[in-house]
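What the coordinates show
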Amino acid sequence: MPGMPDSRNWFFPVTPSRRRTFLHGRKSGIRVMVDGVGLLNFSSNDYLGLSFHPEVQSAATRAIQGHGFGSGASRLVSGDDPVLHDLEAALACWKGYEAALVIGSGMLANIGLLDALSGRGTHLFCDKLNHASLVDGARLCRGAVHRYAHLDMTGLERLLGRYHALRRIIVSDGVFSMDGDCANICALIQLAEAHDALVVLDDAHGLGTLGPDGRGLAAEAGVQGHARLIETGTCGKALGAYGAFILGSSEMIEGLRQCLRTMIYSTALPPSVPAAALAALKVAREEGLPRRLQDRVQRFLQLARQQGLPLVVSRTPIQPLILGSDEAALRASFRLREYGLFVSAIRPPTVPEGTARLRITLSAAHEGKDIERLVEALARTIHGSP
Ligand SMILES: *Cc1c(COP(=O)(O)O)cnc(C)c1O
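Below or above, wherever it landed, is the structure these notes cover. By convention here, each chain's residues receive numbers from 1 onward along its written sequence. Note on the predicted model: pLDDT of at least 70 is required for a residue's local features to be given, and 80 or more for side-chain atom pairs to be given and counted; whole-chain, interface and lining totals, by contrast, use all residues. Side-chain figures throughout are based on the complete set of non-hydrogen atoms in the structure, without hydrogens or water.

Considerations on the overall build of the protein chain
Within the protein chain, the secondary structure is distributed over 15 helices and 14 strands. As a reference, a globule follows 2.2 Å times the number of residues to the power 0.38, and the radius of gyration itself is taken over C-alpha atoms. For the protein chain, the C-alpha radius of gyration of 21 Å lies close to 21 Å, the compact-globule estimate for 386 residues. Taken over the C-alpha atoms alone, the protein chain extends approximately 60 × 60 × 55 Å along its principal axes. With a 1.4 Å probe rolled over the protein chains alone, any residue whose accessible area is under 20% of its type maximum counts as buried; one over 50% counts as exposed, and the rest are partly exposed. Burial status across the protein chain gives 53% buried among its 386 residues. Any pair of residues with heavy atoms lying within 4.5 Å of one another is described as a contacting pair. Taking as baseline every contact in the protein chain between residues at least 6 positions apart, the subset at least 24 positions apart corresponds to 70%. Numbered from the N terminus, helices here are DSSP runs of H or I no shorter than four residues, and strands are runs of E no shorter than two.

The structure is reproduced here in structure tokens:
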């Protein structure tokens, strides 16, 4: 066909600076090799340092030795490895829900869930800063999608009052991944009750970081297991593993088991992966890691305030330092590497235009002195002293 590009010159809107990739190998929960240089890592979502924990590693190794690596087929075709059921039972119990469904990843969980829930006549009400997986899931909605300004409960209420539909679902991140701020889950539940809606809460970053024992934002507010609440989360972040889960009533989870396309038409997780996640859950609780992480967050906030760092309000291990232009964020990130620290720059379209930032993430594996070193280097980088 004339004018039709072949695969070598297909147009992708990629700018040269974005094409840059670097080699990155992790050496522990908090140490990383970047382009051949060892750095202290403040860019990982391994919030509890569990990906390198010996019990997590040995659970995975044992599962590989006993069950092989790949799972061979979809759960619906080949049946479930028992460890999937063990992990589902442990997650449901710990998070305070009737049932859980484990699925390949958070991306697959959110896309599949919103697709499964939203038939014709369904209206979704979404926070404008929701994670890409919820945004993409909403694209599959066969009804209508409405978006409200970030955390704007008045705006959400107005939309709920205006659009009456057979089924309405409020969709929000719990802890927002780029700002570290939190949804007002109590207000979301109240609005859901008042307007006969459901709430889908993606608390990928709340798990292990907030609430009693790190059980997340809903548990912190005491609304876990609420009849109008469906929660999703990932095992790839604080649990240091991979895979994800959906939590809700037994009926909801049983229904999803039979119609969640991103589970049915995708190969099940390798058994070693849920085995590692299950071990991580146990270690996190036994060693009180979420509490240690909260101590690190408090220490960081205290030091950062003393240094006058322009932080956005966050009580989570996600601490953004908004610098504005892409260049300013990239420059600061490179400068920090000279201090032996790895803090990645996050730029649009991941965050809104003009809000390029350093996204600092703290871990329970960081020591107090690591936090001190970070804040000192940040102060020098931001305030421009040598
Ligand atoms: C990381 C993330 C996901 C995706 O989870 P994966 O298991 O990494 O696919 C979904 N939602 C939010 C808010 C996230 O931060």
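Focus: the environment of Met153
Examined against the element boundaries, Met153 turns out to sit in helix α7 (residues 153–162). For Met153 and Ala221, which are 68 residues apart along the polypeptide, the C-alpha to C-alpha distance reads 17 Å. If we skip the residues at most four places from it in the chain, Met153 touches Tyr148, Ala187, Leu188 and Leu191.

Overview of the sheet that holds strand β8 (residues 198–202)
At least two bridges found by DSSP between two strands are what make those strands a pair. What the 7 strands build is an open sheet, ordered β4-β10-β9-β8-β7-β5-β6; its pairing is mixed. Both outer strands of the open sheet, β4 (99–103) and β6 (144–148), are each paired with one neighbouring strand and no more. The sheet shows a mean angle of 20 degrees between the axes of neighbouring strands, direction not considered. Taken together, the 4 bridges between β8 and strand β9 (residues 229–234) define a ladder with parallel strand orientation. Bridge pairing in β9 places Asp202 opposite Thr232. Interaxial angle, 0 to 180 degrees, is taken between N-to-C directions of lines fitted to C-alpha atoms, where a helix line uses only the stretch in contact. Set on the sheet, α7 makes contact with β5 (122–127), β6 and β7 (167–173); between it and β6 the angle comes to about 155 degrees.

Examining the side chain of Ser118
Relative to the elements of secondary structure, Ser118 occurs in the loop between α5 (106–117) and β5. Its relative accessible area of 0% is what places Ser118 among the buried residues. Apart from residues lying up to four places away in sequence, Ser118 is in contact with Leu124, Cys141 and Arg142.

Some thoughts on the site of the ligand
In the vicinity of the ligand lie 13 residues, with Gly106, Asp202, His205, Thr234 and Lys237 positioned nearest. Here a polar contact is recorded for every N or O atom pair within 3.5 Å, except that within protein the pair must consist of a potential hydrogen donor and a potential acceptor, and residues adjacent in sequence are included only if both atoms are side-chain atoms. One nitrogen or oxygen atom from the main chain of Gly106 is found 2.7 Å from an oxygen atom belonging to the ligand. One nitrogen or oxygen atom from the side chain of Thr234 is found 2.7 Å from an oxygen atom belonging to the ligand. Using the Shrake-Rupley algorithm and a 1.4 Å probe, accessible areas are obtained, with residue cover drawn only from the displayed protein chains. Coverage of the ligand by the protein amounts to 87% of the 380 Å² it exposes when considered alone. With 3 residues, the top contributor of residues to the shell around the ligand is α5. Here the term charged refers only to Asp, Glu, Lys and Arg, the term nonpolar to Ala, Val, Leu, Ile, Met, Phe, Trp, Tyr, Cys and Pro, and the term polar to all other amino acids, Gly among them. Residues belonging to the shell around the ligand are distributed by class as follows: 2 nonpolar, 8 polar and 3 charged. The cutoff for a nearby residue is simple: one of its non-hydrogen atoms must lie within 4 Å of the molecule or strand.

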